[in-house]
Amino acid sequence: MTIREMQDEILRLKKEKDVCILAHTYQTNDILEIADFTGDSFGLSVKAQSVPQQNILMCGVRFMAETVKLLSPQKHVYLSNDAAGCPLADQADRDLVLQLREQMPDYCFVVYINSTAETKAVCDVCVTSSSAVKIVKNIGNPNIFFLPDCNLGDFVKQQVPEKNIELMRGGCPTHLRVTPDEVRAAKAAHPGAPVLVHPECRPEVVALADYVGSTTGIIARAEKGEEKEYIIGTENSVRAHLQMNCPGKRFYPLSKDCVCHNMQITTIADVYNMLRYGKEELAMSDELIAAAVRPVNEMLRLGE
Ligand code: CIZ
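Residues numbered from 1 in each chain as written. Predicted model: local features only at pLDDT ≥ 70, side-chain atom pairs only at ≥ 80, totals over all residues. Heavy atoms only, no water.

Enquirer: Looking at this structure, how should I read the overall build of the protein chain?
Expert: A tally of helices and strands in the protein chain yields 16 helices and twelve strands. Against the 2.2 N^0.38 benchmark of 19 Å for 304 residues, the protein chain shows a C-alpha radius of gyration of 19 Å, consistent with a compact globule. Along the first, second and third principal axes, the C-alpha set of the protein chain runs to 55 × 55 × 30 Å. Taken over 304 residues, the protein chain has a buried fraction of 56%. Taking the contacts inside the protein chain whose residues are at least 6 apart along the sequence as the reference set, 59% of them involve residues at least 24 apart. Once the 32 positive and 40 negative side-chain charges of the protein chain are each reduced to a mean point, those two points are 4 Å apart. (Helix = DSSP H or I, 4+ residues; strand = E, 2+ residues; numbered from the N terminus. Rg over C-alpha atoms; globule rule 2.2 N^0.38 Å. Buried < 20%, exposed > 50% of the residue type's maximum accessible area, 1.4 Å probe, protein only. Contact = heavy atoms within 4.5 Å. Lys, Arg positive; Asp, Glu negative; His and termini not counted. Charge placed at Lys NZ, Arg CZ, Asp CG, Glu CD.)

See below:
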């Protein structure tokens, strides 16, 4: 089958089988084209709550499918490729967090959305890369333990100096690959092009950037910006999508190594196979859902 034939079949099958397809921005273009919604993980989970379909297929990584399930527990949620994990999420193990909580009883445990449901369930407040600064500012407790991404945590720490913020030393292997030398080289090669980076990059990289923001923030900045050229410092699929969406502008990757292999493992054939032959839905106990949605609801309350 060709990609086009597969896409046509997917469009037919998703209607027939009452499936809503969510595709994270880091997916390939052939997947984004057949999705009902594209975007960042939290935005997609919120969207899934209001769609009429009872079956939700997440093209992304496991924690993203879990977040969909937390917000839509009555729906059947599927992950398009079971091997798609998140090394950052896996760094913050539930038992480790429980041990830390015993050692730091006065701290509010703030967990990045890139975490497993098991870990969210033992934390107090969840944040996304776009909401982290605002949410941490709004937490009453002056003592914050931020996990698992120390670079996003460090970015928050700089913006919220009034809080005592301790960081877990975890990090996203993809964004960690970007170096300050690459920023200097990209700026020299494309003078005048602003450097847009994700806060999961190292502080030395963030310090050299012209804009720091979430995936959605970077896309909006690049699409709406007046400049004709941009240097993109996040997963390289974002650069590819921007180049498709804005053919009149030029987008350069900050680093050739900024590739998330977990995000890229899903193919259009996985989506087709799920719709054609079915697969097991994501299983989560009611107890886990109730415990893990609590910090997410706390984020929504503090973000109001
Ligand atoms: O949670 C997401 O979607 C990711 C991976 C990043 C972001 O900045 O939104």
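Picking up where we left off.
Enquirer: Whenever I open this one, the site of the ligand confuses me. Can you help?
Expert: If you check the shell around the ligand, you find His24, Asp40, Ser41, Ile113, Asn114, Ser129, His198, Ser214 and Thr215 and nothing else. At 2.7 Å from an oxygen atom of the ligand is found a side-chain nitrogen or oxygen belonging to His24. At a separation of 2.7 Å, an oxygen atom of the ligand approaches a polar side-chain atom of Ser41. Here the ligand has 270 Å² of accessible area as a free molecule, and 94% of this is covered by the chains. Of the residues assigned to the shell around the ligand, the class counts are one nonpolar, seven polar and one charged. (Near = heavy atom within 4 Å. Polar contact = N/O pair within 3.5 Å; in protein donor to acceptor, adjacent residues only side chain to side chain. Areas by Shrake-Rupley, 256 points an atom, 1.4 Å probe, with all protein chains shown as cover. Nonpolar A, V, L, I, M, F, W, Y, C, P; charged D, E, K, R; others polar.)

Enquirer: What exactly am I supposed to notice about the domain arrangement of the protein chain here?
Expert: As a measure of interface size, the accessible area lost when the parts come together is often cited. By domain assignment, the protein chain separates into domain 1 (3-85 + 264-285), domain 2 (89-171 + 287-303) and domain 3 (178-257). Distance between the C-alpha centres of domain 2 and domain 3: 27 Å. Domain 2 puts nine residues into the contact, and the matching count from domain 3 is nine residues. Together domain 2 and domain 3 conceal approximately 660 Å² of surface at their shared face, both sides included; 58% is due to carbon and sulfur atoms. (Domains from an automatic or database assignment. Buried area = accessible area lost by both parts, 1.4 Å probe.)

Enquirer: Even after reading the chapter, I still don't get the packing of aromatic side chains, so can you show me in this structure?
Expert: What describes a pair of aromatic rings is the distance from one ring centre to the other and the angle between the planes of the rings. If you walk through the whole model with that rule in mind, you get two aromatic pairs. Here Tyr230 and Phe251 contribute two aromatic rings whose centre-to-centre distance is 5.5 Å and whose plane-to-plane angle is 20 degrees, an arrangement assigned as stacked. Of the two residues, Tyr230 is situated in strand β11 (residues 229-233) and Phe251 in strand β12 (residues 250-253); the sequence distance between them amounts to 21 residues. Look at Tyr230 and you get buried, because its relative accessible area is 0%. (Phe/Tyr/Trp six-rings, centres within 6.5 Å; stacked < 30°, edge-to-face > 60°.)

Enquirer: Looking at this structure, I do not really get the pattern of salt bridges. What am I missing?
Expert: When the charged atoms of two side chains with opposite charge come close together, those side chains can pair. Per the stated rule, a full pass over the model turns up eleven salt bridges. Where Lys279 meets Asp82, a salt bridge forms, and the shortest distance between an N and an O atom there is 3.0 Å. You can see Lys279 sitting in the loop between α15 (268-277) and α16 (286-303) and its partner Asp82 sitting in the loop between β4 (76-79) and α5 (87-91), a full 197 residues away along the chain. Between Arg184 and Asp181 there is a salt bridge; the shortest N-O distance is 3.1 Å. Here the residue Arg184 and the residue Asp181 both occupy positions in helix α11 (residues 180-189), the gap between them amounting to three residues, near one helical turn. On the basis of relative accessibility, which here comes to 46%, the residue Arg184 falls in the partly exposed class. Each of Glu9, Arg12 and Glu16 takes part in salt bridges that share partners, so that together they form one network. (Salt bridge = Lys/Arg side-chain N within 4 Å of Asp/Glu carboxyl O.)

Enquirer: Help me understand the pairing of strand β1 (residues 19-24), please; the structure alone is not making it clear to me.
Expert: In the case of a regular strand, side chains alternate between the two sheet surfaces. Of all six residues in β1, six are buried, a share of seventy percent or more. By the alternation rule, side chains of β1 split into Val19, Ile21 and Ala23 and Cys20, Leu22 and His24, which are all buried. With five bridges connecting them, β1 and strand β3 (residues 55-59) associate as parallel partners. What sits directly across from Ala23, in β3, is Cys59. With three bridges joining them, β1 and strand β2 (residues 37-39) adopt parallel strand pairing. Pairing of Leu22 across the sheet is with Phe37, part of β2. Handedness of the β1-helix α2 (residues 29-34)-β2 crossover: right-handed. (Pairing = 2+ DSSP bridges. Right-handed = clockwise from strand over helix to strand, strands pointing away.)

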